[in-house]
Amino acid sequence: MSESLMAAAGEPNPLVPHTVEIVLGAVVFLLLVAAIAKFVVPRFEKAYAERTAAIEGGIAEAEQAQTEAKAALEQYTAQLADARHEAAAIREEAKEQGAQIIAEMRAQAQAEADRITSSAHAQIEAERAQVVAQLKSEVGALATELAGRIVGESLADDDRQKRTVARFIDELEGSAN
């Protein structure tokens with residue numbers, strides 16, 4: 001066994017690398033780190049910066065869109081309020097016009113009723129005057145005939161008959177009042 005340990009002690013250990021390999025590995029590692037730092041890291045930084053800018057731009061755009069939406073909502077609300085006020089004014093004006101039309105129609109109806117009433121009164125008065133005149137002539141004729149029978153002579157003289165009848169009717173009207 002000692003022979004085998006000896007042989008192992010004089011020969012280099014396979015688990016321990018040679019110094020040249022360690023130095024060469026360190027140089028290649030440093031070159032690789034330098035290449036990564038020079039070429040890969042800037043690309044990552046650029047991509048990271050672009051992503052950050054895109055996110056911040058998206059946030060800014062979202063904030064701007066939210067501000068625009070808020071302004072549009074306020075404008076819509078103001079327009080809606082104006083439309084409601086205008087509609088209320090139109091309704092009020094329509095009510096006033098309706099009341100005015102109703103008042104005009106009532107005035108026209110009252111005027112028409114007054115006209116019809118005055119026309120009816122005039123017609124009634126004309127008919128009354130006609131009936132009174134007709135009654136006067138009939139009463140006068142009857143009175144003349146009756147007076148002629150009582151007196152026994154004819155009162156056929158028209159002038160005298162008219163005067164007598166007129167006087168008699170005037171006396172009747174005077175006693176009635």
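Counting of residues starts from 1 at the beginning of each chain's written sequence and follows it residue by residue. Note on the predicted model: pLDDT of at least 70 is required for a residue's local features to be given, and 80 or more for side-chain atom pairs to be given and counted; whole-chain, interface and lining totals, by contrast, use all residues. Excluding hydrogens and water, the side-chain figures rest on all heavy atoms present in the structure.

## Overview of the overall build of the protein
Inclusion rule: A run of H or I in DSSP counts as a helix once it spans at least four residues, and a run of E counts as a strand once it spans at least two, with each numbered from the N terminus. The rule is simple: take the accessible area with a 1.4 Å probe, protein chains only, and divide by the maximum for that residue type; under 20% is buried, over 50% is exposed, in between is partly exposed. Only the protein chains shown count as cover for residues, and all accessible areas are computed by the Shrake-Rupley method using a 1.4 Å probe.
What the protein contains, in helices and strands, is three helices and zero strands. Counting helices and strands in the order they occur from the N terminus, the protein gives α-α-α. Out of the 177 residues in the protein, the part that is buried amounts to 3%. Within the structure as shown, the protein displays about 15,600 Å² of accessible surface, and the carbon and sulfur contribution to it stands at 62%.

## Topic: a nonpolar patch on the surface
Here is the rule we go by: Like charges within 9 Å and nonpolar side chains (Val, Leu, Ile, Met, Phe, Trp, Tyr) within 5 Å are joined into patches, using only residues over 30% in relative accessible area that form no salt bridge. We define a salt bridge as a contact between a side-chain nitrogen of Lys or Arg and a carboxyl oxygen of Asp or Glu at a distance within 4 Å.
Together, Leu32, Ile36, Phe39, Val40, Val41 and Phe44 make up a nonpolar patch on the protein surface, roughly 560 Å² of accessible area in all. Relative to the elements of secondary structure, Phe44 occurs in helix H2 (residues 19-151). On the basis of relative accessibility, which here comes to 58%, the residue Phe44 falls in the exposed class.

## What to know about the pattern of salt bridges
In this structure the tally under the stated criterion is two salt bridges. Between Arg128 and Glu125 there is a salt bridge, with its nearest N and O atoms 3.5 Å apart. Of the two residues, Arg128 and Glu125 both sit in helix H2, three residues apart, roughly one turn of that helix. Given a relative accessible area of 44%, Glu125 falls into the partly exposed group.

## Considering the confidence of the model for the protein
For the record, the criterion: A score between 0 and 100, pLDDT records how confident the predictor is in each residue. Two residues form a contact once any of their heavy atoms are found within 4.5 Å.
Here the protein averages 85 in pLDDT, and 88% of its residues register 70 or above. Of all secondary-structure elements in the protein, the lowest mean pLDDT belongs to helix H1 (residues 2-10), at 50, while H2 reaches the highest, 91. In the model, residues 1-7 has pLDDT below 50 throughout and makes zero contacts with residues more than four positions away in sequence or in other chains.

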